[in-house]
Amino acid sequence: FAPAAAAAMARIPRHWPAALQSWVGGKFAPAAGSATRIPLVSAVSGEQYGEFEAADREQVDHAVQVAAEAQREWAKWCPTDRGRVLRRAADILTERNDELAQLETLDTSRPIQETDCVDIVSARDALEYYGGLAPTIGGDFIHQPNRSWAYTVREPLGVTCGIGAWNYPMQGAGWKAAPALACGNAILFKPAEDTPLTALALGEVLKEAGLPDGLYNVILGAKETGQLLTRHPGISKVSFTGEMATGSAICADAAPTLKKIQMELGGKSPLIVFEDADVREAVSAAMLANWYSSGQVCSNGTRIFVHSSVKEAFIKQFVERTRKIKIGDPFDPSVQMGPMIHHAHLDKVLEYVEIGRKEGADLLCGGERLSLEGALAKGAFMSPAIFDNCTDDMRIVREEIFGPVASVLTFETEAEVVERANDTKYGLSAGVFTRNLQRAHRVVRDIEAGTTWINNYNLAPAELPWTGHKGSGIGVSNGTYGVDDWTQVKSVYVEMDKVDCPYE
């Protein structure tokens, strides 16, 4: 391996197998026979730094069997005891935040200044929240005639499956594993093939916290392995984070066995800046909503609607501050933006920049492939792009790009901007900036999106539901509402009188 790849490899725990393996039954589990090996390539240096064995049908079947056996016992545990395990895991994540953030940055090529304060913390918060919530998960008592009564019980689903995205692998694993385990399920989690590292690390953390073997399993692989999971008759639920087309395909795969489905899909979200907004605050939100994680965030507010009276001031600040962003080695704490996840994705994003030019939008800055020096020379870097004078029918405005490309549009009235903001097949997120809170609440109610913010953007506390409407998702992550997606309800009628029977 070249020096840059060798430095990357040094961040992988030394006791892990050279060719990474799935985590099944509380340990690394080699695939049967001659497994397909998938390379891990750094988006920073362009060099391969490792590889992993893709799980095959035999290994998936074995993992489902192991999980089913473990889940039957786990469901019998007192919910308070289940919660203690999750809270201990949260404490371990806090203790190991720095080392795990390094692994997350290696995994995703996102800046350490992000992963150090967001990724591990977000997974920790989910484990801590659902660890505390576990003892409270229950049902309802309902009075019936003749002093009879009824009650409901929330029961675990059994063996579940989570499929994560490549942009936030530790967060994705935590957001799915925490409610699944708190509700008494077992989970098979398949990370994206580009970013398997921290999902494996979470397995070791949960084991150390006292989670019985077989309840959290990591199944490594690409599309073929994912289909083995989504089609498996022994799996009762699939929770997926990713793009809409893949989500639709997973729904089709799961349909023959009528699995429960939870989808957190893509978006093309509006960020609306009214004339009375604090412009600097709005620009700060626009930068977070477009440049954070190199723009590779499903909820990003990439359609920025700015009232005509403040557009000039907004654009001036937006461009000036964007040009100051430091792009480079994501392990440098001062770097604010790293590369795209890989060169294929970089090419796709740059193609959209060219599409925007051809459609007649004005490129105010960025949108260029960057050639950095030294070990970064082969990295997948680009400069963040701001398009002005966009129209609603442009592809850069209508299609999810999943990269640092912002489209600025102008509006005049509240009714107009709400109608235009809703003119999309997506409905994941939206943001509104105004000092008029009556208008803010009114607009948020009218926007067709599941997760919204007033005078901020992209905050995702574990106690708040995260959900998409329209083509952006099915079901809910996080908060008490998240329990609904990881349990099934049983109703029980208790007769306290006699059976009312018309037959002799």
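Everything below is about the structure printed above this text.
Residues numbered from 1 in each chain as written. Predicted model: local features only at pLDDT ≥ 70, side-chain atom pairs only at ≥ 80, totals over all residues. Heavy atoms only, no water.

Draft legend 1. Highlighting empty space enclosed by the protein. On inspection of all chains with the given rule, the structure shows four cavities of 30 Å³ or more. Taken as a whole, the largest cavity spans an internal volume of roughly 70 Å³. Around the largest cavity sit Gly267, Lys268, Gly295, Val297, Cys298, Asn300, Thr302, Glu400, Ile401, Phe402, Gly403 and Val405, which together line it. Its residues assigned to classes, the lining of the largest cavity shows five nonpolar, five polar and two charged. (1 Å grid on protein atoms, 1.4 Å probe; cavity = no way out; pocket = protein on both sides within 12 Å on 5 of 7 lines; lining within 4 Å. Points joined across faces, edges and corners; volume = space filled by probe spheres on them. Nonpolar A, V, L, I, M, F, W, Y, C, P; charged D, E, K, R; others polar.)

Draft legend 2. Spatial organisation of the layout of surface pockets. By volume, the second largest pocket amounts to about 300 Å³. Every residue along the wall of the second largest pocket is listed here: Gln113, Glu114, Ser284, Met287, Leu288, Trp291, Tyr292, Arg321, Lys324, Ile325, Gln336 and Met337. Of all the elements in the fold, those that place two or more residues in the lining of the second largest pocket are helix H5 (112–115) and helix H11 (279–291). Residue composition of the lining of the second largest pocket, grouped by class: six nonpolar, three polar and three charged. (Helix = DSSP H or I, 4+ residues; strand = E, 2+ residues; numbered from the N terminus.)

Draft legend 3. Spotlight on the pattern of salt bridges. Inspection of every chain in the model, using the stated rule, returns 26 salt bridges. A salt bridge links arginine 110 to glutamate 114, with the nearest nitrogen and oxygen atoms 3.1 Å apart. The residues arginine 110 and glutamate 114 share a single accessibility class, namely buried. It is possible to trace a salt-bridge network through shared partners that takes in Arg37, Glu51 and Glu53. (Salt bridge = Lys/Arg side-chain N within 4 Å of Asp/Glu carboxyl O. Buried < 20%, exposed > 50% of the residue type's maximum accessible area, 1.4 Å probe, protein only.)

Draft legend 4. View of H11. With 13 residues, H11 ought to run about 18 Å at 1.5 Å a step, and its terminal C-alpha atoms sit 18 Å apart, in line with that. Of the residues flanking the start of H11, the one acting as N-cap is aspartate 278, its side-chain oxygen 3.2 Å from the backbone nitrogen of arginine 280. At the C-terminal side of H11, serine 293 shows a positive phi close to 55°. (Expected span 1.5 Å × (residues − 1). Polar contact = N/O pair within 3.5 Å; in protein donor to acceptor, adjacent residues only side chain to side chain.)

Draft legend 5. Examining the sheet that holds strand E14 (residues 303–307) more closely. Pairing is mixed in the open sheet, where seven strands are placed in the order E15-E18-E19-E14-E13-E20-E21. For this open sheet the edge positions go to strand E15 (362–365) and strand E21 (451–454), each flanked by a neighbour on one side alone. Pairs of neighbouring strands in the sheet enclose a mean axial angle of 20°, with direction left out of account. Two elements, E15 and strand E18 (residues 385–388), share three bridges in a ladder whose sense is antiparallel. Looking at E18, one finds that cysteine 365 is bridged to isoleucine 386. On the sheet, helix H16 (residues 437–446) packs against strand E13 (270–273), strand E20 (429–433) and E21 and is oriented at approximately 170° with respect to E21. (Pairing = 2+ DSSP bridges. Axes fitted to C-alpha atoms, helices over the stretch in contact; angles between N-to-C directions. Contact = heavy atoms within 4.5 Å.)

Draft legend 6. Representation of the sheet that holds strand E5 (residues 48–53) within the structure. Spatially, three strands are ordered E1-E5-E4 in an open sheet, and the strand pairing comes out mixed. At either margin of the open sheet sits one strand with a lone partner, and together these are strand E1 (19–20) and strand E4 (37–41). Looking at chain direction, E1 and E5 are connected through two bridges and run parallel. The residue of E5 that forms the bridge with leucine 20 is phenylalanine 52.

Draft legend 7. Inspection of the environment of glycine 479 at higher detail. Position of glycine 479 relative to the elements: it lies in the loop between strand E24 (476–477) and strand E25 (487–494). Among the residues examined, glycine 479 registers a relative accessible area of 0% and is labelled buried. Put simply, glycine 479 and leucine 133 are 346 residues apart on the chain and 9.2 Å apart in space, counted from C-alpha to C-alpha. Those residues in contact with glycine 479 that sit more than four places away from it in its chain are Tyr129, Tyr130, Ala462, Glu463, Leu464 and Pro465.

Any functional reading would require information that these geometric values do not contain.
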